[in-house]
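Fold and contact review
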Amino acid sequence: MILHDFSKRLLRFSLLLWIGLGTASAGCTKNEVAAPVEAAKAETHLVSATLIGEYSPATLAGRVSGLPMAAQLVRYPVRAYKLTYTTLNTDGRKITASGALLLPVTTQSLPLLSYQHGTIQPADEPRAPSYYTTGGEVWSAVSVLASTGYVVSAPDYIGYGASKDHPHPYEHAPSLASASLDMLRAAREFCEKEKVTLNQKNFLLGYSEGGFATMALHKLIEEKHAAEFTVTASAPGAGAYHKTAFARYILDSDQSLDFLTSYVWVLDTYNRVYAINRPLPFYFNQPYANQLQANPLAAVSRQPKELFTAGFRQGVLNGTDQAMLAAFRDNDIHDWQPKAPLALFHGTADDYVPYFNSENAYRAMRARGATQVELHPIQGGNHFTSITNYTLQSLLFISQY
């Protein structure tokens, strides 16, 4: 295949996005689901738009000055805005959320790209997109992506930015999807008000928790909002799409697992969102239960059988813990039939979010008759070393459409 000019630029762009993404805590393990998180279009609207600044191609290139190809990548100046908008929290109540909108300064008709960021610890609040600060994913590489000709919608998610007083529903498919969709609605409304012409192409990208959010958003749009948005193509990376299988993998493991602090966050989310409301000692052995009571993100044992109680482990493994198993199933987003082109990218040696999540999704989707689903194994890549390849391959993938 002969690459057009934009695709050639994307080849050089991959290392840039690595700079932005590589600083992210690519955590991503579980998610929560609550039935009333989907907002109707009539209930979602742009609240405010604040110009953060306009940045010249030279300024954008300077943010990636360590890479000599940067000047060849940027094309248009970019205006960055903080948008606030209404969405529904996991309890069904309307709240104000926020995100960043990156707008290329050009009169050309442009595609809209929803960018879902990776895991942000609460202490790293300023890395959320709407702050648009150094170290955040959207400040450098994603801004360069915007300058190539994409209007980028980057939701903060519930729990960050304007909604930081609410707990982040970590890895909760419905609220990640609905908050991202409502940000897209606000972005489109803003473009209409500012007479920015969109060309009706809609792309979805994200890695780790962002990959999970991207998959959830694609599913939500096609299954419930196809009359409002059409997904042109999506490329989720390294998401924990098969929650039930992931839970069994963890709770039956004799290995040391580095991501258990993140998994504790997932269980805490599900326990709260699904109103299971069990005390921490039900899930965790001491002294970890007490430590987590004081600090939900405290360091914990890397040994699953040392961290989790035998009763909790067996309830999941033998199928008797119906409440938590139902929460896992609600967040299983691997088994559905996407219509738009979808490319799954995942490192085969990923020890944070195992590769089987993408492999299971690919097999399930193909079995349902999805004909435009692709699986792109990143051979030997782990959760962090795969980011560069994901960036390159995912952008080349969407550039075909």
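Scroll up to find the structure this text is about.
Owing to the predicted nature of the structure, the values given are computational and were not obtained by experimental measurement. (Residues numbered from 1 in each chain as written. Predicted model: local features only at pLDDT ≥ 70, side-chain atom pairs only at ≥ 80, totals over all residues. Heavy atoms only, no water.)

Side note on the environment of L88
Locating L88 in the fold gives a position in strand β2 (residues 78-88). On the accessibility criterion, L88 (9% relative accessible area) is buried. Spatially, the C-alpha atom of L88 lies 7.7 Å from that of S178, the residues being 90 residues apart in sequence. (Helix = DSSP H or I, 4+ residues; strand = E, 2+ residues; numbered from the N terminus. Buried < 20%, exposed > 50% of the residue type's maximum accessible area, 1.4 Å probe, protein only.)

Quick look at the pairing of strand β6 (residues 198-207)
Among the 10 residues of β6, 7 are classified as buried, and the element is accordingly described as predominantly covered. As defined by bridge partners, strand β4 (residues 110-116) adjoins β6 across 6 bridges and the pair is classed as parallel. What sits directly across from S114, in β6, is L204. Pairing of β6 with strand β7 (residues 233-237) involves 5 bridges; the strand directions are parallel. The residue bridging F203 from the neighbouring strand is A233, located in β7. With helix α6 (residues 209-224) bridging β6 and its parallel neighbour β7, the resulting β-α-β unit is right-handed. (Pairing = 2+ DSSP bridges. Right-handed = clockwise from strand over helix to strand, strands pointing away.)

Here's the deal with the sheet that holds strand β1 (residues 46-55)
The strands making up a sheet associate through backbone hydrogen bonding, with each pair oriented either parallel or antiparallel. Spatially, β1-β2-β3-β5-β4-β6-β7-β8-β9 is the arrangement adopted by the 9 strands of the open sheet, whose pairing is mixed. With one partner strand each, in any of the chains shown, β1 and β9 (373-378) form the two edges of the open sheet. With strand direction ignored, the average angle separating the axes of adjacent strands in the sheet is 20 degrees. Pairing of β1 with β2 involves 8 bridges; the strand directions are antiparallel. Each residue of the ladder has a partner; that of L46, found in β2, is Y85. In the packing of helix α5 (residues 173-193) onto the sheet, contacts are made with β1, β2, β3 (94-104), β4, β5 (151-155) and β6, and the angle to β2 comes to roughly 125 degrees. Along the sheet face, helix α14 (residues 356-367) touches β8 (342-347) and β9 and points at about 160 degrees away from the line of β9. (Axes fitted to C-alpha atoms, helices over the stretch in contact; angles between N-to-C directions. Contact = heavy atoms within 4.5 Å.)

Things to note about the environment of E209
Here E209 shows up in helix α6. Between the C-alpha atoms of E209 and T119, which are 90 residues apart in sequence, the distance is 5.6 Å.

A few points about the pattern of salt bridges
It is possible for side chains of opposite charge to pair when their charged atoms get near one another. All told, the structure shown has 13 salt bridges when counted by the stated rule. Across the pair E171 and K243 runs a salt bridge whose closest N-O atoms are separated by 2.4 Å. In this pair, E171 sits in the loop between β5 and α5 while K243 sits in helix α7 (residues 243-251), placing the two residues 72 residues apart along the sequence. Given a relative accessible area of 0%, K243 falls into the buried group. In this structure, D335 and R368 form a salt bridge, with 2.5 Å as the shortest nitrogen-oxygen distance. Here D335, found in the loop between α13 (322-330) and β8, pairs with R368, found in the loop between α14 and β9; they are 33 residues apart in sequence, far enough to count as distant. On the basis of relative accessible area, D335 is assigned to the partly exposed category, the value being 36%. Here the salt bridges do not stand alone but share partners, grouping D182, R185, R188 and E228 into one network. (Salt bridge = Lys/Arg side-chain N within 4 Å of Asp/Glu carboxyl O.)

Remarks on the nonpolar core
Generally speaking, nonpolar side chains in soluble globular proteins are found buried as a group. Ranked by size, the top nonpolar core spans 87 residues in total, and within it F284 and F308 carry the most contacts. Those residues in contact with F308 that lie beyond four places of it in its chain are I250, L251, L260, Y263, L267, Y283, F284, N285 and R313. In terms of nonpolar packing, the next biggest core, distinct from the first, is built from 36 residues, Y132, V142, Y150 and L205 among them. (Core = buried A, V, L, I, M, F, W, Y, C linked by side-chain atoms within 4.5 Å.)

Some points on unusual backbone geometry
A cis amide bond, omega 10 degrees, links Q286 with the succeeding residue P287. Here P287 is to be found in the loop between α9 (280-283) and α10 (288-294). Unlike most non-glycine residues, Y157 shows phi in positive territory, near 80 degrees. With respect to the helices, strands and loops of the structure, Y157 is situated in the loop between β5 and α5.

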